[in-house]
Amino acid sequence: MQSIHRHLLGAMRESYILNFNVLIFFQGPHFESWSTGHEYIRKVLIAHTLSGVSTRIDDLQRISEKGIRKFIFSDGPTHSKLNIEFLLSTYAYIIVDYICGTSFLDSEMSCDSKFDSFIRAFTEVHDIPIDGHIVDVFPFLRYFRFFFPSIRKLNKSFNGVISFLEQEAGLERKREELQNSLDKGEIDTDLDTNLSDLLIKKHIEDPSNLSWTKCSQVIGTSIGGFIPIAILTMASLGYLSLNKKYQEKIFQEIQRIKLKSASDLVSLEEARELVHVKAALLETARLMSPPQVPRIATQDFTIKGFLIPKGATILINDYSFNYSPRMWESPESFMPERFIASGVEDGSAIPRIRKPPHFMPYGLGRRYCPGYGFYENLASLVLANIIQRYEISCDMDQTEMSKRGLGTYGSFHGKNFFDLKLAKRFPI
C-alpha cells in the first residue's frame, strides 16, 4: 500500500487543478485518435438516435410500447411497487431490440432467462467502477496486484456481455449473412436499418478501420446506456415522490394530450413535447452529476496562464459546476423549473426547455455523447407513462433515500436501491 501511495502522490505532483473545476494529468492514459472509423461510428450512432433525424421512430415506438407494457405495467400479481430491476429490464429490452433487431420476448410475452443473465453481467460491469476503483483515472494502478481481482472481474463480465450479443443477440449470425450477401454483390447500403447491421457492414467493407472486436464493443457500449438511463429515471421518480406538487404538474401536462382511453400509452412524439417531464429529468441529471469522460489535449495550449501540454489528460469537475451557488439558485434543491423558459422573452408564450452553458451532462465538442437525444427522449417516454398511470410515493424520507441511491451518480449500486410505491390513478 505504501508503494501505491507513493505512485499516487507522484501522479498528483504531475497534475494541478484550475479553480477546482478542471484537473490536469500530464501523463494520461492512451485514448483513440480521431479516425475515419471513429467518424463513421459517430455518424451512424447519431443517425440512429433521436438527437439527429431518425427514420426509425415508428420502430422505436412499437418496441418501447411492448417493453413498457411487459416490464412496468404487467409483471407481478399486483403491481404496487417499482424498483430499479423493472426499469433495467424495460430499457435493456427496448435498446437491444432497437439496436440489434432481436426480441427476447416470445409470443406469450415471457422473457428468456439468458436475457436476465445479460442484464446482471452488464450491471456488474457498471458497478465495478462505481464501487470506487480509480484505474481509469490512474492507469498505472492496473499493474498493482491489489487491483487485479477487480480488473479480472470487469473483463470477465464484459466478455460475457459481448459473448451474449454475438451468440444470443445474433451478431455473429448477422456477420455471416452480411458477408455472404456482400460476396454475392447483394449487400444493401441503405441507412434505414438497425445500428448493429450498419456497423457490421462497415466492418466487412473496411475491417482496417473497424475491426470485429471494435465493432462488437461499440454495439455493446451503445446498449450499455440502458443502465444510466434506468438510474436517471428511477432517481427522477424518487425526487418526484418527494415533490408531489411537481409530480401533479407533470400529470396535468400529460392530461392535456387527451389519450383516447386509460389503457393508451403516451407516444414517443407526444413525450418529446412534455416540457415538465424533460425538466425533471434534466434537474435529476444535474443533482446526480455523472462523471465526465476524460479528454486528451491534442496540442499545447494555455488557460489563464497555465500551460496544458499535448497529451495531458483533462478531467472536468462537473459536480462543482452543478452545485455552484454562483451558477444556480438553491443548488442542493430539486427545482426542475430552473430548466424551463416561459417563452415570454421570445414572444411565443410557450414554455420551452432552456439549458445554461455551464450544464453539460452529456459532454461537449465533437466527442459529446451521440446517443443523448435517444436516451433523453426514451426516458421522457417511460417517465410520462408511469406518471400518467400511477401516483408515486415512498416510505423513506430524502435522507434515507439518499443512502440508497438518491444522490450523486456514484451513490448508485444496483443491489441497494430504494423502492417506490405505485397507486393507480384510475381503473385500467
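Data block above holds the structure.
Keep in mind the model is a prediction, meaning the values are calculated, not measured. (Residues numbered from 1 in each chain as written. Predicted model: local features only at pLDDT ≥ 70, side-chain atom pairs only at ≥ 80, totals over all residues. Heavy atoms only, no water.)

Caption draft 1: A look at the overall build of the protein. A count of helices and strands for the protein gives 16 helices and eleven strands. When the 428 residues of the protein are sorted by exposure, 50% land in the buried category. Pairs at least 24 residues apart make up 72% of the contacts formed inside the protein by residues separated by at least 6 positions. Total accessible area on the protein stands at roughly 21100 Å², and carbon and sulfur atoms take up 52% of it. (Helix = DSSP H or I, 4+ residues; strand = E, 2+ residues; numbered from the N terminus. Buried < 20%, exposed > 50% of the residue type's maximum accessible area, 1.4 Å probe, protein only. Contact = heavy atoms within 4.5 Å. Areas by Shrake-Rupley, 256 points an atom, 1.4 Å probe, with all protein chains shown as cover.)

Caption draft 2: Seen up close, the packing of helix H3 (residues 57–74) against helix H4 (residues 84–100). Look at H3 against H4: their axes get within 9 Å of each other, and the N-to-C directions meet at 155 degrees. If you check the angle between H3 and H4, you find them roughly antiparallel. Once H3 is placed against H4, the crossing between them reads as right-handed. Here H3 contributes Leu 60, Ile 63, Ser 64, Lys 66, Gly 67, Ile 68, Phe 71 and Ile 72 to the contact with H4, which in turn contributes Phe 86, Leu 87, Ser 89, Thr 90, Tyr 93, Ile 94, Asp 97 and Tyr 98. Here the residues of the contact of H3 with H4 sort into ten nonpolar, four polar and two charged. (Axes fitted to C-alpha atoms, helices over the stretch in contact; angles between N-to-C directions. Parallel < 35°, antiparallel > 145°, perpendicular 65-115°, else oblique. Left-handed = near helix turned anticlockwise from the far one by under 90°. Nonpolar A, V, L, I, M, F, W, Y, C, P; charged D, E, K, R; others polar.)

Caption draft 3: Just the environment of Ser 117, in detail. Topologically, Ser 117 is positioned in helix H5 (residues 113–130). Sequence separation between Ser 117 and Val 161 is 44 residues, and the spatial gap between their C-alpha atoms is 9.1 Å.

Caption draft 4: Highlighting the nonpolar core. By size, the foremost hydrophobic cluster in this structure holds 103 residues, and its most contacted members are Tyr 91, Phe 118, Ile 223 and Phe 226. Of the residues forming this core, the biggest block, 13 residues, is contributed by H4. If we ignore the near neighbours within four places in the chain, the residues touching Phe 118 are Val 96, Val 161, Phe 164, Leu 165, Ile 223 and Phe 226. (Core = buried A, V, L, I, M, F, W, Y, C linked by side-chain atoms within 4.5 Å.)

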